[in-house]
Amino acid sequence: MELYWLSLVPIPFFTWLLIELVRDEAIPIPLPKDTIRQMLKLAKVSKKDVVYDLGSGDGRIVRIAAKEFGAKAVGVEKNRLLVWLSRKMVGNKGRIVHGDIFEENLNKADVIVMYLSHKLVQQLKPKLEKELKKGAGIVSASHPIEGWKEVERIRTGHFYSYLYKIS
Ligand SMILES: C[S@@+](CC[C@H](N)C(=O)[O-])C[C@H]1O[C@@H](n2cnc3c(N)ncnc32)[C@H](O)[C@@H]1O
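Presented here is a report on the structure given in the accompanying data block. Remember, it's a predicted structure, so these values are computed and weren't measured experimentally.

**Topic: the packing of aromatic side chains**
Each aromatic ring pair is characterised by the separation of its centres together with the angle its planes make. One pass over the structure, following the stated rule, counts five aromatic pairs. Aromatic side chains Y115 and F159 sit 5.8 Å apart centroid to centroid with 25° between the ring planes, which places their arrangement in the stacked category. Taken as a pair, Y115 in the loop between β4 (111–114) and α5 (118–131) and F159 in strand β7 (residues 159–165) lie far apart in primary sequence, 44 residues in all. By relative accessible area, which is 10% here, F159 ends up buried. Note on Y160 and Y162: the rings are 6.4 Å apart at their centroids and 50° apart in plane angle, and the pair reads as tilted. One aromatic cluster in this structure is built from F13, F14 and W16. The cationic tip of R153 hangs over the ring face of Y160; the distance from NZ or CZ to the ring centre is 5.3 Å. Over the ring of Y160 we find R155; its NZ or CZ atom is 4.9 Å from the centre of that ring.

What follows is the structure, encoded as structure tokens:
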């Protein structure tokens, strides 16, 4: 009975989650590992590539891109706790930048991978157009980039992932 207050602990977390969802921000939901492999294959990631995961969460995309595809992988994440956790997960296989995806320069990227919200994906469009080199690939899970012509789309679980190329 005295421990009743413990049941209130999740309330601030779920309130935050609800607010983030209403604001169409990207909440920390990790992609299944097989979906990540499908997305990296879609972008034909190889050891020659520099791969950026925008909003890298627990670092699983960085880890798989580096370990299984031999890429030089970088994650950008704003959440301090996830940065700490993902640095542990990734070790020396890749790099996790603690920062905002809108602030990080992407001109070294050959491939961008992202699993964000619809709003964030559209907001990133001018930055991707400005900074990415010709031929760079972008794979967006679940949210297409409005106004861009996709190269290919594949079914990944209950949503599509979309591949684009900078021309
Ligand atoms: C849906 S999760 C995806 C995690 C990981 N990429 C994956 O697919 O498993 C989105 C992540 O983006 C991060 N994020 C959202 N907005 C961001 C921003 N402006 N700058 C950096 N990270 C951001 C969130 O903290 C969250 O960890």
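There's more to say after this.
**Let's talk about the site of the ligand**
Neighbouring the ligand are 21 residues; I27, L31, D53, G55 and E77 lie closest to it. For the ligand, a nitrogen atom lies 3.0 Å from a polar atom in the side chain of D53. If the ligand stood free it would expose 600 Å²; the protein chains cover 96% of that surface. When grouped by side-chain class, the residues that make up the shell around the ligand number twelve nonpolar, four polar and five charged.

**Side note on the packing of helix α2 (residues 33–42) against helix α3 (residues 60–67)**
Two numbers describe how α2 lies on α3: the axes approach to 10 Å, and their chain directions differ by 55°. One finds that α2 runs oblique with respect to α3. Of the two possible hands of crossing, α2 and α3 adopt the one that is right-handed. Residue-level contacts link K33, I36, R37 and L40 of α2 to R60, I61, I64 and A65 of α3.

**Some remarks on helix α1 (residues 10–22)**
Spanning 13 residues, α1 covers 18 Å between terminal C-alpha atoms, matching the ideal 18 Å at 1.5 Å per step. A positive phi of about 55° marks D24, the residue just after α1.

**Focus: the pairing of β7**
Among the seven residues that make up β7, five are buried, leaving the element largely enclosed by the rest of the structure. Two strands pair when backbone bridges link them, and strand β6 (residues 152–156) and β7 are joined in this way by five bridges, in the antiparallel orientation. The residue of β7 that forms the bridge with R153 is Y162. Hairpin connection between β6 and β7: a loop of two residues separates the two successive antiparallel strands, and G157 in this loop has a positive phi of roughly 65°.

Here is what the cut-offs are and how they apply
The residue numbers shown here count from 1 along each chain, following its written sequence. Side-chain atom pairs in this predicted model are given and counted only at pLDDT of 80 or more, local residue features only at pLDDT of at least 70, and totals for whole chains, interfaces and linings cover all residues. Processing note: side-chain calculations cover all non-hydrogen atoms of the structure and skip hydrogens and water entirely. Planes of paired rings set the category: under 30 degrees apart is stacked, over 60 is edge-to-face and the rest tilted, where pairs are Phe, Tyr or Trp rings (Trp by its six-membered ring) whose centres lie within 6.5 Å. Helical segments are the DSSP runs of H or I of at least four residues, strand segments are the runs of E of at least two, and each set is numbered from the N terminus. Working definition: with a 1.4 Å probe on protein chains only, accessible area under 20% of the residue-type maximum means buried, over 50% means exposed, and in between means partly exposed. A ring is considered to have a charge above it if a Lys NZ or an Arg CZ atom is located within 6 Å of its centre and within 35 degrees of its normal. Any residue with a non-hydrogen atom lying within 4 Å of a molecule or strand is treated as near it. The term polar contact refers here to a pair of N or O atoms within 3.5 Å; inside protein, the definition further demands a hydrogen-donor-capable atom paired with an acceptor-capable atom, and it admits residues adjacent in sequence only when both atoms are side-chain atoms. Only the protein chains shown count as cover for residues, with accessible areas throughout obtained via the Shrake-Rupley method and a probe of 1.4 Å. Here the term charged refers only to Asp, Glu, Lys and Arg, the term nonpolar to Ala, Val, Leu, Ile, Met, Phe, Trp, Tyr, Cys and Pro, and the term polar to all other amino acids, Gly among them. Axis definition: a line fitted to C-alpha atoms, limited for helices to the stretch in contact. Angles are taken between N-to-C directions and run from 0 to 180 degrees. Comment on the angle field: the value is read as roughly parallel under 35 degrees, roughly antiparallel over 145, roughly perpendicular from 65 to 115, and oblique elsewhere. Take the far helix as the reference: if the near one is turned anticlockwise from it by less than a right angle, the crossing is left-handed, and if turned clockwise, right-handed. Working rule for contacts: check all heavy atoms of both residues, and any pair within 4.5 Å makes them a contact. For a helix, the expected span equals 1.5 Å multiplied by the number of residues minus one. A pair of strands is labelled paired if DSSP reports no fewer than 2 bridges between them.

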